[in-house]
Amino acid sequence: MVTEDQPPGRRRRLPRGVGLAIGGLASVAMIATLVVTGLEQRSTAAHAYEAALGGRQLSIMAPANPGGGWDQTSRAVQASLADIVGRSEVYNVGGAGGTIGLPQFVRHSGEANELMVTGAIMVGAILTNESDATLEDVDMLARLTTEYLVVAVPASSPIQTMEELGAAMAEDVGSVSIAGGSAGGVEQVLAGLIAQAVGADPAQVSYVAHSGGGEALTTMLSGSSTAGISGISELAPYIADGSMRALAVSSAEELATLPGVPSLRDAGIDVELQNWRGIAGPRGLEPDEREALVAMLDEMHASETWNQILEDRGWGDAYLTGPELEEFIDEEQQTTEQVLRSIGLVE
């Protein structure tokens, strides 16, 4: 090693080992600086969250049984928040499209360490189940993702195409059983819209409701129902391994996540429907607590972990907060009620 402040030809070589020692010390100093800087950044970023949590561990309710989209989303949020708030807990309260978990969550008023995943399914279930608790009783913090649905049959089914399934529904809609999530959720809404589009009575759809995606999947795989409807990320592994055959997706066109699978419109059924999922806090939060939780979600949304999960699952990035979110929720409730009335699920 040579020093860099001497003229050419007069550079002084340091004794053996001194250069290594200096280099080592420089590396240690650099690492120490990076660690301290990282700690300072982590402290600054985490301070507001830690103050809002009040030393309590963050808990995230998945208002459905394990295996479905809400459960997957809750655990994706947990993983993505690990570097921000440290350890957190996910717990499941399944049933009735989230309307069993919802009133339990409402009781956590003012507790900033409690979050709940929610979404389009709960909007419909609140109406069909005439739930006393509604989204007005929680504090919506963010919309997180969107996802299209897939209509599929078990591999052993004689039905090969969406056109064949649509024809069977048009001929005798009551004889075609369709498995999916909770009553009033987006899966049942899609089944009703498909029936309506093929000229059948949507109120006569034989829909087999389940309290969680895992239970619905069991029914689909067993062949106990004619077909099934679920989020793409929930069925993609079983479509990939040949256990199920995808007939159509609920997007406007074919999706890269399921190449070769037509849209419902490609199959002659003029229907498009997208699910969304978000996250709520309880009512009664202090303004600084709410601000800290939204900032926490902002940071999660920008994280590499979260964005990798979106890519892996094929979820759409639909992040939305603030007044725009409030406007979206109001419109979603009105639209969902109109659709449910049109297909006979709400009087």
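Residues numbered from 1 in each chain as written. Predicted model: local features only at pLDDT ≥ 70, side-chain atom pairs only at ≥ 80, totals over all residues. Heavy atoms only, no water.

1. A word on the overall build of the protein chain
Phase 1: The number of helices and strands found in the protein chain is 11 helices and 10 strands.
Phase 2: The buried share among the 347 residues of the protein chain stands at 48%.
Phase 3: Restricting the contact set of the protein chain to residue pairs at least 6 apart, pairs at least 24 apart contribute 77%. (Helix = DSSP H or I, 4+ residues; strand = E, 2+ residues; numbered from the N terminus. Buried < 20%, exposed > 50% of the residue type's maximum accessible area, 1.4 Å probe, protein only. Contact = heavy atoms within 4.5 Å.)

2. A word on the environment of G68
Phase 1: Within the secondary structure, G68 is located in the loop between β1 (58-62) and α2 (69-85).
Phase 2: The buried category is assigned to G68, whose relative accessible area is 5%.
Phase 3: Along the backbone, G68 and G213 are 145 residues apart, and their C-alpha atoms lie at a distance of 3.8 Å.
Phase 4: In this structure G68 touches G213, G214 and E234, once residues within four positions along its chain are discounted.

3. Quick word on the environment of G199
Phase 1: Tracing the sequence through the fold places G199 in the loop between α6 (186-197) and β6 (206-209).
Phase 2: Distance from G199 to G166, taken between C-alpha atoms, is 9.5 Å for residues 33 residues apart in sequence.

4. Remarks on the packing of α2 against helix α10 (residues 304-313)
Phase 1: Running from N to C, α2 and α10 cross one another at 150°; their axes reach a closest spacing of 8 Å. Here α2 is positioned roughly antiparallel relative to α10, judged by the angle of their axes. Like other packed secondary-structure pairs, α2 and α10 cross with a definite hand, here right-handed. Contact residues: α2 offers Q72, A76, V77, A79 and S80, while α10 offers T305, W306, I309 and R313.
Phase 2: Taken together, the residues of the contact of α2 with α10 sort by class into 5 nonpolar, 3 polar and 1 charged. (Axes fitted to C-alpha atoms, helices over the stretch in contact; angles between N-to-C directions. Parallel < 35°, antiparallel > 145°, perpendicular 65-115°, else oblique. Left-handed = near helix turned anticlockwise from the far one by under 90°. Nonpolar A, V, L, I, M, F, W, Y, C, P; charged D, E, K, R; others polar.)

5. Section: the nonpolar core
Phase 1: By size, the foremost hydrophobic cluster in this structure holds 83 residues, and its most contacted members are M162, L165, L190, I279 and M296.
Phase 2: At 8 residues, strand β4 (residues 138-154) tops the list of elements feeding residues into this core.
Phase 3: Those residues in contact with M296 that sit more than four places away from it in its chain are Y49, L58, L81, I84, V85 and L115.
Phase 4: Membership of the second largest hydrophobic core comes to 16 residues, among which are Y148, L217, M220 and M244. (Core = buried A, V, L, I, M, F, W, Y, C linked by side-chain atoms within 4.5 Å.)

6. Concerning the packing of aromatic side chains
The geometry of two aromatic rings is summed up by the distance between their centres and the angle between their planes.
Phase 1: Per the counting criterion, the structure on display carries 1 aromatic pair.
Phase 2: Ring geometry for W276 versus F328: centroids 5.2 Å apart, planes at 75°, classification edge-to-face. Placement of W276 in strand β9 (residues 274-282) and of F328 in helix α11 (residues 322-342) is noted, with a sequence separation of 52 residues between them.
Phase 3: The ring of F328 carries R143 above its face, with NZ or CZ at 4.5 Å from the centroid. (Phe/Tyr/Trp six-rings, centres within 6.5 Å; stacked < 30°, edge-to-face > 60°. Lys NZ or Arg CZ within 6 Å of the ring centre and 35° of its normal.)

7. Observations regarding helix α4 (residues 120-128)
Since the α-helix advances by 3.6 residues per turn, residues separated by three or four positions end up pointing in the same direction.
Phase 1: Extensive coverage of α4 is indicated by the burial of 7 of its 9 residues.
Phase 2: Listed as buried for α4 are A120, I121, M122, V123, G124, A125 and I126.
Phase 3: Looking one or two residues beyond α4, the residue adopting positive phi is E130, at roughly 50°.

8. Details of the packing of helix α9 (residues 287-302) against α10
Phase 1: Orientation of α9 relative to α10, taken along the N-to-C sense of each, is 60°, at an axis distance of 5 Å. In terms of orientation, α9 lies oblique with respect to α10. Facing α9, whose interface residues are M300, H301 and A302, α10 presents E304, W306 and N307.
Phase 2: Per-class residue counts for the contact of α9 with α10 are 3 nonpolar, 2 polar and 1 charged.

9. Structural notes on the confidence of the model for the protein chain
Phase 1: Considering every residue of the protein chain, the mean pLDDT works out to 87; 86% of them sit at 70 or more.
Phase 2: Within the model, pLDDT remains below 50 along residues 1-45, and this stretch shows 18 contacts once partners closer than five positions in the same chain are excluded. (pLDDT = per-residue confidence, 0-100.)

10. Digging into unusual backbone geometry
Phase 1: Positive phi, close to 55°, is recorded for A96, a residue that is not glycine.
Phase 2: Looking at the secondary structure, you find A96 in the loop between β2 (88-92) and α3 (101-106).
Phase 3: The phi dihedral of E130 is positive, around 50°, even though this residue is not glycine.

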